[in-house]
4 protein chains.
Amino acid sequence: MYNNIKEEAYEANMNLTKLGLVKFTFGNVSVFDRDKGVFAIKPSGVPYEILKVDDMVIVDLDAQVVEGTLRPSSDTKTHAVLYKEWPELGAVVHTHSVYGTAWAQANRSIPIYGTTHADHLTKDIPCAPPMADDMIAGNYEYQTGYQIINHFKEVGLNHEEVQMILVGNHAPFTWGKDGKQAVYNAAVLEYVAELAFLSEGINPKIERLKASLIKKHYERKHGSNAYYGQ
Amino acid sequence: MYNNIKEEAYEANMNLTKLGLVKFTFGNVSVFDRDKGVFAIKPSGVPYEILKVDDMVIVDLDAQVVEGTLRPSSDTKTHAVLYKEWPELGAVVHTHSVYGTAWAQANRSIPIYGTTHADHLTKDIPCAPPMADDMIAGNYEYQTGYQIINHFKEVGLNHEEVQMILVGNHAPFTWGKDGKQAVYNAAVLEYVAELAFLSEGINPKIERLKASLIKKHYERKHGSNAYYGQ
Amino acid sequence: MYNNIKEEAYEANMNLTKLGLVKFTFGNVSVFDRDKGVFAIKPSGVPYEILKVDDMVIVDLDAQVVEGTLRPSSDTKTHAVLYKEWPELGAVVHTHSVYGTAWAQANRSIPIYGTTHADHLTKDIPCAPPMADDMIAGNYEYQTGYQIINHFKEVGLNHEEVQMILVGNHAPFTWGKDGKQAVYNAAVLEYVAELAFLSEGINPKIERLKASLIKKHYERKHGSNAYYGQ
Amino acid sequence: MYNNIKEEAYEANMNLTKLGLVKFTFGNVSVFDRDKGVFAIKPSGVPYEILKVDDMVIVDLDAQVVEGTLRPSSDTKTHAVLYKEWPELGAVVHTHSVYGTAWAQANRSIPIYGTTHADHLTKDIPCAPPMADDMIAGNYEYQTGYQIINHFKEVGLNHEEVQMILVGNHAPFTWGKDGKQAVYNAAVLEYVAELAFLSEGINPKIERLKASLIKKHYERKHGSNAYYGQ
């Protein structure tokens, strides 16, 4: 009944590790079935080397297990909140990838310094501030989801254009229309994070990309007359 | 009819990914047949894992497709301008390789700090400034080619000696007499870019290589009495 | 008679190299049999490529060889001291892994900057100061063990919570309930050390993680109601 | 007749590339037969992927080819000078390895910051200054050998203890009693160079290792009562 999303979630989780974006079990992908109102997510603490399609856990939007014998990832509530609030999402990814996590620990958004960044989004990759103490002490993973949602509202970002965020002190989250795109976005975030780190080292007075270049690069890939493809 | 350049372009594109110079489809190589006035280039957006010789697209110097069912890389016009203006070129490479792109984002030429650099060229690796807004808004990829050509004219560089450039805010372009050499140059640029980044970190007061060493290293490899080979 | 700990020590030593934590023979793992009062340790100077289970040397807590034809690692006395003073340990690891060693050479503890760190321990990863000259000139490897023990006492750390340390000017030591956990801790130390290095580069004014986040992340993984697992 | 040194030189050259110390043909190893007064060296410009034992070129101490159909590495004269002046050497290595070359470009000796360094030598890894212009313009590779020899004399180093050097603006040279040890030293230099780069980034006020630790670490490995081996 849930085989499609289980397989897609399994493939996406395996791709995450092939792309070098997870160390041990520091990351997970879920894939959403909007019609059924459930998503498939990596089980908790299972190493990628022994992960199987049938290990994927099916969970509803209240983070209750619908099918599966293993415990779902402890980040499940964060995924559930994102699907509930942004039902357009087809998949959600969480990693502790090196450069993305370093920017999150530094509590800085990643400035848009080049066209590699602008090919994917026109804004800095946002960094949500760390949560208030009462949110942390309470339902932490649930509140992590709302921290992301609220930050997008506060700074006026559109989650269909900007498909990635850093949670301050923590690490990256990305999403997309399906598992493949969400994992691709996690890899783009990591690549752009590394480029930005190096670029600031090479030129401490570096400035953001100018508006005309941002517009051109994004529109040729995502605009109504998109023609981009290297 | 175009099998030679298709095969050479295919091999060169595959080498680019084997050398770790492209992430996903962030890069491309074309190979030029001067007699026929056409070049073979990577199709747009096709992942390297499934790329085939016959996927290569044959394009003329006005960037019109001559043969092939796939769409050519969106960077095709840039390649076409370079072959039109510099007909000596046998191949052109574009990458978003990590260190090269970081220098481009930082809008800095790569200073000649060591003999590894001088073995390949006697000048800093130039960084063309970002284009004017009207050029960006217009025929962008076409103008990118002219930005390269014009920068070489302005700073008085010879494209047969200096076979590489950074386009400011964007990324590296390299070329050569054939696909193999152009890809080799892309790898050299990346290596020299990494060395220069680290060298500045180790010695912030670092100075350029002195003239006598530049001359010696370049001439023993490229001069009329060249004898170099490690 | 000692096959269990020999096999576990062999597996753990091989994992150390698979995880990229040792260069040549710059590292070793031992596994302790508390009932018999002996531990199995890597032989001295044997390359990982040719290491076999039966090469493991069995040593008592006075660092005397009990079984085995090869010489035990020159770090054996350090391991012996740790098992004697902290008999809860099941395994000890020593590496010269890149980022961990760089922090040790810099004589700095690794500040707790993010949740990746807090998932594993609530404190900075401590850096014991270099030893006094008379300790160095004397029974050096034995004193290295006491330098670790004494530093934990002085700064009031619990070796069951904080399972890792840097020895100033030298390199990391980690431990755990068995070989698998001790090697895992060595990998965590290296990952956290890399993240902290990058985070300080990205934000020189970076601050430590706030107390509420440290508490939450550690308790969800290690507290009495632990539920963590990505 | 020269099979022994040809095979040893071939193996050592191949190890150099397996250890990630050479890019393309940016490096070479030679192995010396003191009795016959000749050495085997990598041929010029042959890629490692197609290198064969019989490609090794046999050269005498005047850098004249004794056997072999290929041209010897353009660095041959440097190797010849080192064997002539320091006949104890069994092998010489030259690389452009990343961190070692970055320090050479920065014209800085690598300070002794940790025990990983002290396990191998008690001194900073020296950096010879760039050569005088007339030496560069003259018999350059020959003079490179004398630049190394003269720098050791000037700063009072012993080439049997310190088996490595950076040539300023250029790159590392190492040596040893045989091909295996000389290549090992090239890897040690690269590792220590990376650690020192990172350590200075982590602590800009870092100080050299104190004398007692240098003495202890070196003597336990190389002293008359050596017992070291991890």
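Worth saying up front: this structure is predicted, and the values here are computed from it rather than measured.

Draft legend 1. Focus on the overall build of chain A. Within chain A, the regular secondary structure consists of 8 helices and 8 strands. For 230 residues, the compact-globule formula gives about 17 Å, and the C-alpha radius of gyration of chain A, at 17 Å, lands near that figure. Projected onto the principal axes, the alpha-carbon positions of chain A cover approximately 55 × 45 × 35 Å. Sorting the 230 residues of chain A into buried and exposed places 64% on the buried side.

Draft legend 2. Quick look at the relation of the copies chain C and chain A. Overlaying chain C with chain A gives an RMSD of 0.0 Å, the required rotation being 90° about an axis along which the chain moves by 0.0 Å. The relationship between the two copies is best expressed as a four-fold rotation axis. Closest approach to the rotation axis among the C-alpha atoms of chain C is made by G201(C), whose C-alpha sits 5.8 Å away.

Draft legend 3. Geometry of the pattern of salt bridges. Under the definition given, this model contains 40 salt bridges over all chains. Where R208(B) meets D124(B), a salt bridge forms, and the shortest distance between an N and an O atom there is 2.6 Å. In this pair, R208(B) sits in the loop between α7 (179–202) and α8 (211–222) while D124(B) sits in the loop between α4 (115–118) and β6 (127–128), placing the two residues 84 residues apart along the sequence. Using a relative accessible area of 48% as the deciding quantity, one classes R208(B) as partly exposed. Measuring nitrogen to oxygen at the nearest pair gives 2.5 Å for the salt bridge that ties E141(C) to R220(D). Within this pair, whereas E141(C) is found in helix α6 (residues 140–155), its partner R220(D) is found in helix α8 (residues 211–222), the two belonging to separate chains.

Draft legend 4. View of the interface of chain B and chain A. Each partner contributes residues to the interface: chain B has 37 residues there, and chain A has 31 residues. Between the two partners, chain B and chain A, sit 2 salt bridges. One salt bridge in this structure joins D133(B) and K210(A), with 3.1 Å as the shortest N-O distance. Between the two partners, chain B and chain A, sit 13 residue pairs in polar contact (both at pLDDT 80 or more). Counting only elements with at least two residues in the side of chain B that touches chain A, the list comes to β1 (27–33), α3 (98–105), α5 (133–137) and α6 (140–155) of chain B. No other element matches α3(B), which puts 6 residues into the side of chain B that touches chain A. A class-by-class count of the residues in the side of chain B that touches chain A yields 15 nonpolar, 15 polar and 7 charged.

Draft legend 5. Representation of the environment of L16(C) in the model. All names here are of chain C. Position of L16 among the secondary structure elements: in helix α1 (residues 3–18). For L16 and A186, which are 170 residues apart along the polypeptide, the C-alpha to C-alpha distance reads 8.3 Å. Setting aside chain neighbours within four positions, we find L16 in contact with L21, V22, G27, N28, V29, Y48, V93, H94, T95, V183 and A186.

Draft legend 6. Spotlight on the side chain of E194(C). Mapped onto the elements of the fold, E194(C) is located in helix α7 (residues 179–202). Put simply, E194(C) is tucked away with no salt bridge, and the nearest opposite charge, on K23(A), sits 7.2 Å away. E194(C) has contacts with V98(A) and Y99(C), leaving out every residue within four places of it along the chain.

Draft legend 7. View of the sheet that holds strand β1 (residues 27–33) of chain D. Residues and elements named next belong to chain D. With respect to topology, 8 strands assemble into an open sheet ordered β4-β3-β2-β1-β5-β8-β7-β6, the strand pairing being mixed. The outermost strands of the open sheet, each flanked by one partner alone, are β4 (65–67) and β6 (127–128). Taken together, the 4 bridges between β1 and strand β2 (residues 38–41) define a ladder with antiparallel strand orientation. Within β2, the position partnered with D33 by the bridge is V38. Most of the contacts of helix α7 (residues 179–202) go to strand β8 (residues 172–176), to which it runs at about 140°, and overall it touches β1, β5 (91–95), β7 (164–167) and β8.

Draft legend 8. View of the environment of N203(A). In this fold, N203(A) is placed in the loop between α7 (179–202) and α8 (211–222). In this view, N203(A) contacts A106(B) and R108(B); residues no more than four positions away in its chain are not counted. One polar contact links the side chain of N203(A) to the main-chain amide nitrogen of K205(A), over a distance of 2.9 Å. At 2.9 Å, the side chain of N203(A) forms a polar contact with the backbone oxygen of A106(B).

Draft legend 9. Looking closely at the packing of α1(C) against α7(C). Residues and elements named next belong to chain C. As a packed pair, α1 and α7 sit with axes 9 Å apart at the nearest point and diverge in direction by 20°. Classified by the angle their axes make, α1 and α7 are roughly parallel. The handedness of the crossing between α1 and α7 comes out as right-handed. Residues E8, A12, N15 and L16 of α1 pack against G179, V183 and A186 of α7. Partitioning the contact of α1 with α7 into residue classes produces 4 nonpolar, 2 polar and 1 charged.

Draft legend 10. Representation of the interface of chain C and chain A in the model. Taken together, the contacts link 31 residues of chain C with 38 residues of chain A. Contact between chain C and chain A buries roughly 2,900 Å² in total, counting both sides, with carbon and sulfur atoms accounting for 57%. Ranking the residues of chain C by area buried against chain A places Y191(C), I202(C) and Q230(C) at the top, with a combined share of 29%. For the pair chain C and chain A, the interface holds 2 salt bridges. Where chain C meets chain A, there are 13 residue pairs in polar contact (both at pLDDT 80 or more). In terms of residue class, the side of chain C that touches chain A is built from 15 nonpolar, 11 polar and 5 charged.

Draft legend 11. Summary view of α7(C). The end-to-end C-alpha distance of α7(C), which contains 24 residues, comes to 35 Å, matching closely the 34 Å that a straight helix rising 1.5 Å per residue would cover. Within α7(C), 20 of the 24 residues are buried, which leaves the element mostly enclosed by the surrounding structure.

Draft legend 12. A look at the sheet that holds strand β1 (residues 27–33) of chain A. Residues and elements named next belong to chain A. Taken in spatial order, the 8 strands line up as β4-β3-β2-β1-β5-β8-β7-β6 in an open sheet, and their pairing is mixed. Here the strands that pair on one side only, and so sit at the sheet edges, are β4 (65–67) and β6 (127–128). The strands that helix α1 (residues 3–18) touches are β1, β2 (38–41), β3 (57–60), β4 and β5 (91–95); relative to β1, the one it contacts most, it runs at about 155°. Across the face of the sheet, helix α3 (residues 98–105) comes into contact with β5, β6, β7 (164–167) and β8 (172–176) while running at roughly 55° to β7.

Draft legend 13. Quick look at the packing of aromatic side chains. Evaluation of the coordinates by the stated rule reveals 40 aromatic pairs over all chains. These aromatic residues form a ring-pair network of at least three members: F24(A), F26(A), Y184(C) and Y191(C). Cation over ring: K42(A) sits above Y48(A), and NZ or CZ is 5.0 Å from the ring centre.

Draft legend 14. Main features of the arrangement of the chains. Nothing in chain B touches chain C; the tightest C-alpha to C-alpha distance between them is still 12 Å. Looking at chain A next to chain D, you find no contact at all, with the nearest C-alpha pair sitting 12 Å apart.

Draft legend 15. Focus on the pairing of strand β8 (residues 172–176) of chain B. All names here are of chain B. Judged by how many residues are buried, β8 sits mostly within the fold: 5 of 5 residues are covered. Burial along β8 is two-sided: the face carrying P172, T174 and G176 and the face carrying F173 and W175 are both buried. Relative to β8, strand β7 (residues 164–167) runs antiparallel, the two sharing 3 bridges. Within β8, the residue paired with I165 across the bridge is F173.

Rules used throughout
Per chain, the residues get numbers from 1 upward, laid out in the order the sequence is written. Chains carry letters from A onward and ligands carry numbers from 1 onward, assigned in written order. With the structure being a predicted model, the display of local features is reserved for residues of pLDDT at least 70 and the display and counting of side-chain atom pairs for 80 or more, all residues being used for whole-chain, interface and lining totals. Hydrogens and water are ignored here; the side-chain numbers use all heavy atoms of the structure. Comment: elements are numbered from the N terminus, with helices defined as DSSP H or I runs of at least four residues and strands as E runs of at least two. Note that the radius of gyration is over C-alpha atoms, with the globule rule given as 2.2 Å times the number of residues to the power 0.38. For every residue, the accessible area obtained with a 1.4 Å probe (protein chains only) is divided by the maximum for its type, and the residue is called buried under 20%, exposed over 50%, and partly exposed between those limits. Least-squares superposition of the copies uses the C-alpha atoms of those residues scoring a pLDDT of at least 70 in each of them. Salt bridge, as used here: a side-chain nitrogen of Lys or Arg that lies within 4 Å of a carboxyl oxygen of Asp or Glu. Contacts: residue pairs with any heavy atoms within 4.5 Å of one another. Polar contacts, as used here, are pairs of N or O atoms within 3.5 Å; protein pairs need one atom able to donate a hydrogen and one able to accept it. Residues neighboring in sequence count only if both atoms are side-chain atoms. Note on residue classes: Ala, Val, Leu, Ile, Met, Phe, Trp, Tyr, Cys and Pro are nonpolar, Asp, Glu, Lys and Arg are charged, and everything else, Gly too, is polar. Counting rule applied: Lys, Arg positive; Asp, Glu negative; His and chain ends not counted. Pairing between two strands requires that DSSP report at least two bridges joining them. Inter-axis angles, ranging from 0 to 180 degrees, are taken between N-to-C directions of lines fitted to C-alpha atoms, where helices are fitted over the stretch in contact. In what follows, roughly perpendicular refers to angles from 65 to 115 degrees, roughly parallel to angles under 35, roughly antiparallel to angles over 145, and oblique to any angle outside these ranges. Throughout, a crossing is termed right-handed when the near helix is turned clockwise from the far one, and left-handed when it is turned anticlockwise from it by less than a right angle. Note on definitions: buried area is the accessible-area loss of two parts on being combined, 1.4 Å probe, summed for both. Helix span is expected to be 1.5 Å times the residue number reduced by one. Each pair of aromatic rings taken from Phe, Tyr and Trp, with Trp reduced to its six-membered ring, is defined by centres within 6.5 Å and is described as stacked if the planes are under 30 degrees apart, edge-to-face if over 60, and tilted in the remaining cases. Cation placement over rings: the criterion is NZ of Lys or CZ of Arg within 6 Å of the ring centroid and within 35° of the ring normal.

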